[in-house]
Amino acid sequence: MSKYQDLSDSIISGDNVKSKEITKKLVAGGISAVDILNNGLMPGMDVVGKKFKTNEMYIPEVLIAARAMHAAMDVIKPLLSESGSDTKGKVIIGTVLGDLHDIGKNLVGMMLEGGGYTVIDLGVDVAPERFVEEIKKNSVRLIGLSALLTTTMPAMKTVIDTLKADKDTSGVKVMIGGAPLTQEYTDSIGADGYGPDAASAVDLANELLS
Ligand code: B1M
């Protein structure tokens, strides 16, 4: 079995002790953090994302896999910044104003991290002005909004309108997701993309930033 396969398997099975241990061994063996991320961790999360999409894995297993991913990421994160290697880019995510649901948003964040992005998670109940502030502070080209309530869906349009009204943020892409949303609604509020699930959010981010 390849040295990376064991690591991918530890992510898929959600073994955070093993994922950390194998990552430490690979680092000690001189493997670069980027190779570990690209050949071991990301392929593992990719399998998790696919299994989640096809109902072969469920939310608790995905959260456990994400924990294993985080344990390994903790080992390589300092090395990545030390070597100056960059991720695919930064993405800001948050649940919109008035909405406290964060399980789906957290999954999206974990999947994006697994897909190679640096995620800045603003949490829940996030005001439009906060998104603007953080976009400017972090020079971000893509944000992800989550809403679980029909009553908070319009807050997504408010964020989009607020971004469009400011010349410094008008070019920022916006992807949205959450159980009550549809592609039709996405188009109607002028968002750039809709992710029906966490795995699709990664594909969407890749597409929007390509
Ligand atoms: Co709430 N709640 N809740 N709730 N809650 C729902 C959403 C509801 C459908 C339940 C129901 O009535 N059947 C209903 C909404 C009805 C509606 O608007 N039409 C509802 C309600 C009414 C409420 C309250 C108003 C209840 C009350 O107080 N009377 C209240 C509102 C609080 C508030 O937000 N202001 C409330 C509170 C809560 C809890 C706090 C108890 C808790 C949230 C805990 C938490 O998140 N930390 C909660 C929960 C857990 C739910 C249900 C049961 C589960 C939601 C969930 O986490 N699903 C939910 C019913 C249900 O959905 N079955 C319900 C799992 C999660 C992985 O899925 O979030 O859809 P989801 O995310 C998916 C995709 O949507 C997508 O990817 C994820 C993974 O595949 N996705 C994105 C999500 N965001 C994305 C962003 C992207 C891309 C994809 O790009 C950026």
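This text follows the structure it describes.
Just so you know, these numbers come straight off a predicted model, no measurement behind them. (Residues numbered from 1 in each chain as written. Predicted model: local features only at pLDDT ≥ 70, side-chain atom pairs only at ≥ 80, totals over all residues. Heavy atoms only, no water.)

## With respect to the overall build of the protein
Here's step 1: Along the backbone of the protein there are nine helices and five strands.
Here's step 2: Along the protein, helices and strands appear, N-terminal first, in the series α-α-α-α-β-α-β-α-β-α-β-α-β-α.
Here's step 3: Radius of gyration (C-alpha) of the protein: 17 Å, near the 17 Å computed for a compact globule of 210 residues.
Here's step 4: Burial status across the protein gives 50% buried among its 210 residues. (Helix = DSSP H or I, 4+ residues; strand = E, 2+ residues; numbered from the N terminus. Rg over C-alpha atoms; globule rule 2.2 N^0.38 Å. Buried < 20%, exposed > 50% of the residue type's maximum accessible area, 1.4 Å probe, protein only.)

## Side note on the coordination of the cobalt atom of the ligand
Metal coordination angles have textbook ideals: 109.5 degrees for a tetrahedral set of four donors and 90 or 180 degrees for an octahedral set of six.
Here's step 1: The sole protein-derived ligand of the cobalt atom of the ligand is H101 (NE2), positioned 2.2 Å away.
Here's step 2: Relative to the helices and strands, H101 resides in the loop between β1 (90-95) and α5 (103-114). (Donors = N, O, S within 2.8 Å, 3.2 Å for Na, K, Ca; no water.)

## Considering the environment of P78
Here's step 1: As for its position among the elements, P78 is in helix α4 (residues 59-82).
Here's step 2: As for P78 and D35, which are separated by 43 residues in sequence, their C-alpha atoms are 15 Å apart.

## Some words on the sheet that holds strand β4 (residues 173-177)
Hydrogen bonds between backbone atoms are what pair the strands of a sheet, whose relative direction is either parallel or antiparallel.
Here's step 1: The strand order across the open sheet built from five strands is β2-β1-β3-β4-β5, with neighbouring strands paired in parallel fashion. Strands with a single pairing partner mark the edges of an open sheet, and in this sheet they are β2 (118-121) and β5 (193-194).
Here's step 2: Sheet topology places β1 next to β2; four bridges connect them, and they run parallel. Each bridged residue has a counterpart across the sheet, and for V91 the counterpart in β2 is V119.
Here's step 3: Its contacts with the sheet place helix α9 (residues 198-209) against β3 (142-146), β4 and β5, and it is angled at close to 165° to β4. (Pairing = 2+ DSSP bridges. Contact = heavy atoms within 4.5 Å. Axes fitted to C-alpha atoms, helices over the stretch in contact; angles between N-to-C directions.)

## Description of the site of the ligand
Here's step 1: The ligand sits among 27 residues. The nearest are L100, H101, D102, S146 and T150.
Here's step 2: Take G98: an N or O atom from its main chain is 2.9 Å from a nitrogen atom of the ligand.
Here's step 3: A179 places a main-chain nitrogen or oxygen 3.2 Å from an oxygen atom of the ligand.
Here's step 4: The set of elements that each furnish at least two residues to the shell around the ligand consists of α5, β3, β4 and α9.
Here's step 5: The leading source of residues in the shell around the ligand is α5, at four residues.
Here's step 6: Per-class residue counts for the shell around the ligand are 15 nonpolar, nine polar and three charged. (Near = heavy atom within 4 Å. Polar contact = N/O pair within 3.5 Å; in protein donor to acceptor, adjacent residues only side chain to side chain. Nonpolar A, V, L, I, M, F, W, Y, C, P; charged D, E, K, R; others polar.)

## Focus on the nonpolar core
Here's step 1: By size, the foremost hydrophobic cluster in this structure holds 41 residues, and its most contacted members are L41, L112 and M175.
Here's step 2: Of all the secondary-structure elements, those providing two or more residues to this core are α1 (3-12), α2 (16-28), α3 (33-53), α4, β1, α5 and α9.
Here's step 3: Core analysis: the next-biggest nonpolar cluster, separate from the first, contains 26 residues, M156, L163, V174 and L181 among them. (Core = buried A, V, L, I, M, F, W, Y, C linked by side-chain atoms within 4.5 Å.)

## Some words on the layout of surface pockets
Here's step 1: The volume enclosed by the largest pocket comes to roughly 490 Å³.
Here's step 2: Along the wall of the largest pocket there are 27 residues; nearest its centre are G104, K105, V108, G178 and P196.
Here's step 3: Sorting the residues of the lining of the largest pocket by element identifies β1, α5, β3, β4 and α9 as the ones contributing at least two each.
Here's step 4: Residue contributions to the lining of the largest pocket peak at five residues, all from α5. (1 Å grid on protein atoms, 1.4 Å probe; cavity = no way out; pocket = protein on both sides within 12 Å on 5 of 7 lines; lining within 4 Å. Points joined across faces, edges and corners; volume = space filled by probe spheres on them.)

## A word on the environment of D6
Here's step 1: With respect to the secondary-structure elements, D6 resides in helix α1.
Here's step 2: On the accessibility criterion, D6 (36% relative accessible area) is partly exposed.
Here's step 3: Separated by 168 residues in sequence, D6 and V174 place their C-alpha atoms 36 Å apart.

## Digging into α3
Here's step 1: For α3, built from 21 residues, the straight-helix expectation of 30 Å at 1.5 Å per residue is met to within 8% by its first-to-last C-alpha distance of 28 Å.
Here's step 2: Along α3, the sharpest change in direction is near 35° and occurs at M42; proline P43 comes one to four residues later.
Here's step 3: Looking one or two residues past α3, N55 carries a phi angle of roughly 60°, positive in sign. (Expected span 1.5 Å × (residues − 1). Bend = angle between axes of the 7 residues up to and from the residue.)

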